[in-house]
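Listed below, chain by chain, are the residues.
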Amino acid sequence: MIDTTVLEQYNKFTSEVNQQKGKHDLDIKYKNKTIEKVCTKQSEAIRRYGPRMAEKIDQRIGEIMASDSVEFMIKYRIGRCHPLTNNRKAQYAVDLVHPYRMVFESKGEEVQIALIIEIVDYH
C-alpha cells in the first residue's frame with residue numbers, strides 16, 4: 001500500500017520538475033568504481049544488496065538526477081533527504097531499504113554535483 005503523504009510529495013516534486021522544462025543542474029559523480037557500478041548497473045546492485053534494495057537505489061538515483069538542487073530535495077523531502085551532522089557534516093542522506101542510506105555530498109556553487117559516497121547503515 002502506498003503512503004498518501006509520500007505520493008502527494010512525489011506529485012509536487014514531479015510537477016515542479018516538469019515546470020522547469022528540463023532544467024536540471026544536479027549531476028551525479030561517484031566516489032569510486034564500486035559505488036558507481038552498484039548505482040548504475042542493476043545486476044550489480046541485485047548481486048550485492050538484493051532486488052528490493054536494487055530497485056530503491058535505482059529510484060533514488062533517478063530522483064537525484066531529476067532534482068535541480070540538494071535544497072530542492074530537502075524542501076520536498078525526496079527520499080527523506082536530510083543533512084547529516086557531526087563527523088558527516090556537509091554530507092546528505094536519502095533512505096533506501098531500512099536501515100540503509102545512500103550518502104552523498106553536494107559539490108560546487110553554480111552547477112551542483114551530487115557525489116555519491118556510499119551505501120551504509122550508519123546508525
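See the structure printed just above.
About the cut-offs
Residues numbered from 1 in each chain as written. Predicted model: local features only at pLDDT ≥ 70, side-chain atom pairs only at ≥ 80, totals over all residues. Heavy atoms only, no water. Helix = DSSP H or I, 4+ residues; strand = E, 2+ residues; numbered from the N terminus. Buried < 20%, exposed > 50% of the residue type's maximum accessible area, 1.4 Å probe, protein only. Contact = heavy atoms within 4.5 Å. Areas by Shrake-Rupley, 256 points an atom, 1.4 Å probe, with all protein chains shown as cover. Axes fitted to C-alpha atoms, helices over the stretch in contact; angles between N-to-C directions. Parallel < 35°, antiparallel > 145°, perpendicular 65-115°, else oblique. Nonpolar A, V, L, I, M, F, W, Y, C, P; charged D, E, K, R; others polar. Phe/Tyr/Trp six-rings, centres within 6.5 Å; stacked < 30°, edge-to-face > 60°. Pairing = 2+ DSSP bridges. Expected span 1.5 Å × (residues − 1).

Before we move on, could you go through the overall build of the protein chain and cite the residues and values that matter?
Scanning the protein chain from terminus to terminus reveals five helices and five strands. For the protein chain, the succession of helices and strands along the chain, N to C, is α-β-α-α-α-α-β-β-β-β. Per-residue burial over the protein chain gives 41% buried out of 123 residues. Put simply, 48% of the contacts in the protein chain that link residues at least 6 apart link residues at least 24 apart. Taken as a whole, the protein chain presents about 7,800 Å² of accessible surface, with 48% of it coming from carbon and sulfur.

I'd love a proper account of the packing of helix α2 (residues 33-40) against helix α3 (residues 42-49), names of residues and values included.
Packed helix pairs are specified by the crossing angle of their axes together with the interaxial distance, meaning the distance between the axes. α3 packs onto α2 with a crossing angle of 105° between their chain directions and a minimal axis gap of 5 Å. When the interaxial angle is binned, α2 and α3 end up roughly perpendicular. Of the residues in α3, those in contact with Thr34, Lys37, Val38 and Thr40 of α2 are Gln42, Glu44, Ala45, Arg48 and Tyr49. Its residues assigned to classes, the contact of α2 with α3 shows three nonpolar, three polar and three charged.

Tell me about the environment of glycine 79, and please be specific about residues and values.
Within the secondary structure, glycine 79 is located in the loop between α5 (70-75) and β2 (82-83). Placed 16 residues apart in sequence, glycine 79 and aspartate 95 show a C-alpha to C-alpha distance of 5.5 Å. Sequence-distant contacts of glycine 79, that is, excluding residues within four places in its chain, are made with Arg60, Glu63, Val94 and Asp95.

So, the packing of aromatic side chains: which residues are in play, and what are the values?
For the structure on display, the rule yields three aromatic pairs. Pairing tyrosine 49 with tyrosine 100 gives two aromatic rings, centres 6.3 Å apart and planes at 65°, and the pair type is edge-to-face. Placement of tyrosine 49 in helix α3 and of tyrosine 100 in the loop between β3 (91-95) and β4 (101-107) is noted, with a sequence separation of 51 residues between them. Among the residues examined, tyrosine 49 registers a relative accessible area of 28% and is labelled partly exposed. Judged by centre distance (5.8 Å) and plane angle (25°), the rings of tyrosine 92 and phenylalanine 104 are stacked. A residue pair is termed long-range when its members are at least 10 positions apart, and tyrosine 92 in strand β3 and phenylalanine 104 in strand β4 qualify at 12 residues. A single burial state applies to tyrosine 92 and to phenylalanine 104, both of which are buried.

I'd love a proper account of the sheet that holds strand β5 (residues 113-120), names of residues and values included.
Read from one edge to the other, the open sheet built from five strands follows the order β1-β5-β4-β3-β2, with strand pairing classed as mixed. The open sheet has two free edges, formed respectively by β1 (27-30) and β2, since each of these has just one partner strand. Across seven bridges, β4 lies against β5 in antiparallel orientation. Each residue of the ladder has a partner; that of valine 103, found in β5, is glutamate 118.

Can you break down helix α4 (residues 51-66) residue by residue, with the values?
Working note: α-helix, 3.6 residues per turn, so residues spaced by three or four point in the same direction. In this model α4 runs 23 Å from its N-terminal to its C-terminal C-alpha over 16 residues, within 8% of the 22 Å that 1.5 Å per residue would give. Burial in α4 covers these residues: Met53, Ala54, Ile57, Arg60, Ile61, Glu63 and Ile64.

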